[in-house]
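Spelled out from the first residue to the last, the chains are:
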Protein chains: 2
Amino acid sequence: MEVKSNNITVERTKRSKIDQVDFDNLSFGSVFADHMLVCDYKNGEWGAPSVVPYQPIELEPSAKIFHYGQSIFEGMKAYKDDQGGVWLFRPEENQKRLNISAKRLAMPELPKEIFMEGLATLLQVDQEWIPQTKGSSLYIRPFMFASGNGFHASPADAYKFIIACAPSGPYFSGKVKVLIEERYSRAANGGVGFAKAGGNYAAQFYPTQLAVQKGYNQVIWTDDNTHEYIEEAGAMNIFVRINDTLITAPTNDRILDGITRKSILDIAADEGIETEVRKITVAEVINAAKDGSLKEMFGAGTAAVVSPISAFGYKEVDYNLPELDQSYAALLKKRITDIQYNRGDDKFGWRYRVL
Amino acid sequence: MEVKSNNITVERTKRSKIDQVDFDNLSFGSVFADHMLVCDYKNGEWGAPSVVPYQPIELEPSAKIFHYGQSIFEGMKAYKDDQGGVWLFRPEENQKRLNISAKRLAMPELPKEIFMEGLATLLQVDQEWIPQTKGSSLYIRPFMFASGNGFHASPADAYKFIIACAPSGPYFSGKVKVLIEERYSRAANGGVGFAKAGGNYAAQFYPTQLAVQKGYNQVIWTDDNTHEYIEEAGAMNIFVRINDTLITAPTNDRILDGITRKSILDIAADEGIETEVRKITVAEVINAAKDGSLKEMFGAGTAAVVSPISAFGYKEVDYNLPELDQSYAALLKKRITDIQYNRGDDKFGWRYRVL
């Protein structure tokens, strides 16, 4: 047993699984690194975090996670550069957002040092798990859930915070075709759509399955009241390029304040691209598709990075997007991944060295 | 190991905890009976259900329940009559609703016979756990959650269905004071509010905490678009009596189709009470409170049974409800509990004998 800074104990696995992994053919989030960080909250306080072998969790059947959806998470990536340096991208933004989610879900906020030092310790222990294959990275999943017991619909008295990692390839394989939703909704005004709450994701699965059956990959959610405004795509925020202007919806209590989203806005402005953060109507997008001024649509998120949309469907009609030689999506993806993988200038100070 | 009908195996506990329970002083849902029913779904099908000792569940940290809120539940009660007979109340309604919830959350539907025979077998094994103290019952919690693994935001490939039980006293102790919500919301149009999805409950905890800090027990949710219409209270549907008319909101995709709610409507009609199922505005309730025509408000649900509301708050003003000698709430609560505990006539055929 080693003891790290901030009293993080480390118990290393006796049987690494790393030899069983084909790092050249990684899917997304389906193989898991050898270790995880665990920290328990009970009696009103967080205990000492520890790095332990990735292993099953034991919970009572009455644990509130099973009944009341009290769970939140974050998505991050660790990137390895050509010299073996290990980097994170704006990790303090994830730390802050985890606590924004925690507050809305009536869960305890996690001290910043447990998050940051826990993450650094875990990545040090599992550094061999960070892929160096192009387009791959170590997907990092910090999450917190209600481990306290009871069938009373009220917040739990105990929680578990875990960081687990999965070496991963791209989230989408190939082009992304989306359906603009007319009937179902992701989030309510005054609800939890801005939080990375577990329940937000389960609510999207059925409408997404219906879209997949029609040949789409993802749903673009619209506001639940009128279905006239474009919001986000669940796993990514949405950008629309009309003529040479790049537009995305403002964040609100229904839309996740995506870290990739706001980074893209800053990079675009830095590139001299005109950006607008404003409400986008479905009608405006349809009209732009019809008159040829709709040049691009893409999704942006930690898992999705920058994912160009090749076509969208709305009211049983498909609209194809042009294939551009020099797209904003390609330019912005290169800029952001060059920062992430330590291949380019980091003028915004977003890169965070771990090792 | 015994084998019951439908091949339900039964493994009895070697150490019953029943002697440790004070059946005269039961809180709600905090002590758990000796056994539980478990049934696993994998490879596209449900396996054989079994009754086993109530025990911890082991899950991988990547199990989707921790990340994506894929969980649903039901709430039921078993009642013991004076002769020791054991009864359920409209259990097939819970079975149907579980599958309505399952479909919306992209989870597999559970065959009716597993639910019904599993429940009967479990209650037979744990029949000594059904309280006979007045106002108490065995609260039954059927639930299903995503046990399959992966960090990809998509439905799991494995699920666990469990029925666990908790001998329970009343859900509310004393009078219930509610706050009509003006800012936060429980459910979106086109969302999952009609389902008993875990995430619906976590989303209510923080606004409810804010209300509790102001001295209220529960929040009455209003529509997320205008906050002008009364919807439900999260743990119960809401009834309003104006003059001699009993009114409740129609169910829709934001409001749970409560079994107690619809039973109350039938009993009220049978009692010759005029009932209306229609939208109720907050303004109408405030005006009725001011002119004295608001006679009663109460909540109705399996856990809450019929819970009279003594006062409600709205925009920083509290409105007290009169104390009536012969309230609809008292009448309807007596009628429904007389059916449930086999004390009265069951003209609707709602009672279901288990033992």
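Residues numbered from 1 in each chain as written. Chains lettered and ligands numbered in written order. Predicted model: local features only at pLDDT ≥ 70, side-chain atom pairs only at ≥ 80, totals over all residues. Heavy atoms only, no water.

### Description of the packing of aromatic side chains
Residues and elements named next belong to chain A.
Link 1 in the chain: Counting across every chain of the model gives 46 aromatic pairs over all chains.
Link 2 in the chain: Consider the rings of F239 and F298, whose centres lie 5.1 Å apart with planes at 15 degrees: the pair is stacked. Here F298 lies in strand β17 (residues 294–301) and F239 lies in strand β14 (residues 237–242), a separation of 59 residues in the sequence.
Link 3 in the chain: Taking the relative accessible area as the measure of exposure, F298 reaches 0% and is therefore buried. (Phe/Tyr/Trp six-rings, centres within 6.5 Å; stacked < 30°, edge-to-face > 60°. Helix = DSSP H or I, 4+ residues; strand = E, 2+ residues; numbered from the N terminus. Buried < 20%, exposed > 50% of the residue type's maximum accessible area, 1.4 Å probe, protein only.)

### Let's talk about the relation of the copies chain B and chain A
Link 1 in the chain: For the match of chain B to chain A, the screw axis carries a shift of 0.0 Å, the RMSD comes to 0.0 Å, and the turn is 180 degrees. Here the two chains are linked by the operation of a two-fold rotation axis.
Link 2 in the chain: A shared binding surface is used by both copies, with 100% of the interface residues of chain B retained as interface residues in chain A. (Least-squares fit on C-alpha atoms with pLDDT ≥ 70 in both. Contact = heavy atoms within 4.5 Å.)

### Focus: helix α4 (residues 198–213) of chain A
Link 1 in the chain: Compared with an ideal rise of 1.5 Å per residue, which puts 16 residues at 22 Å, α4 of chain A spans 24 Å between its outermost C-alpha atoms and is within 8% of the ideal.
Link 2 in the chain: Helix geometry: α4 of chain A is bent most strongly at F205 of chain A, by close to 35 degrees, with proline P207 of chain A lying one to four residues after it.
Link 3 in the chain: When α4 of chain A is considered as a whole, its buried residues turn out to be G198, G199, N200, Y201, A202, A203, Q204, F205, Y206, P207, T208 and A211 of chain A.
Link 4 in the chain: Residues of α4 of chain A that are buried make contact with β7 (71–73), β12 (176–180) and β13 (218–220) of chain A together with α1 (65–68), α2 (91–104) and α4 (198–213) of chain B.
Link 5 in the chain: Following α4 of chain A by one or two positions, G215 of chain A has its phi on the positive side, about 100 degrees. (Expected span 1.5 Å × (residues − 1). Bend = angle between axes of the 7 residues up to and from the residue.)

### What to know about the side chain of D81 of chain B
Residues and elements named next belong to chain B.
Link 1 in the chain: One can find D81 in the loop between β8 (76–80) and β9 (86–89).
Link 2 in the chain: Buried charge without a salt bridge: D81, with R353 as the nearest opposite-charge side chain at an N-O distance of 4.6 Å.
Link 3 in the chain: Only 2.9 Å separates the side chain of D81 from the backbone nitrogen of Q83, close enough to count as a polar contact. (Lys, Arg positive; Asp, Glu negative; His and termini not counted. Salt bridge = Lys/Arg side-chain N within 4 Å of Asp/Glu carboxyl O. Polar contact = N/O pair within 3.5 Å; in protein donor to acceptor, adjacent residues only side chain to side chain.)

### Let's talk about the interface of chain B and chain A
Link 1 in the chain: Listed as interface residues are 59 residues of chain B and, on the opposing side, 59 residues of chain A.
Link 2 in the chain: Contact with chain A buries surface across chain B, with F66, F151 and F205 of chain B losing the most and accounting together for 15% of the total.
Link 3 in the chain: At the surface where chain B touches chain A, the tally comes to 23 residue pairs in polar contact (both at pLDDT 80 or more).
Link 4 in the chain: Every element with two or more residues in the side of chain B that touches chain A is listed here: β6 (57–59), α1, β7 (71–73), α2, β10 (137–146), β11 (159–168) and α4 of chain B.
Link 5 in the chain: Top contributing element to the side of chain B that touches chain A by residue count: α4 of chain B, with nine residues.
Link 6 in the chain: The residue makeup of the side of chain B that touches chain A, split by class, is 34 nonpolar, 18 polar and seven charged. (Buried area = accessible area lost by both parts, 1.4 Å probe. Nonpolar A, V, L, I, M, F, W, Y, C, P; charged D, E, K, R; others polar.)

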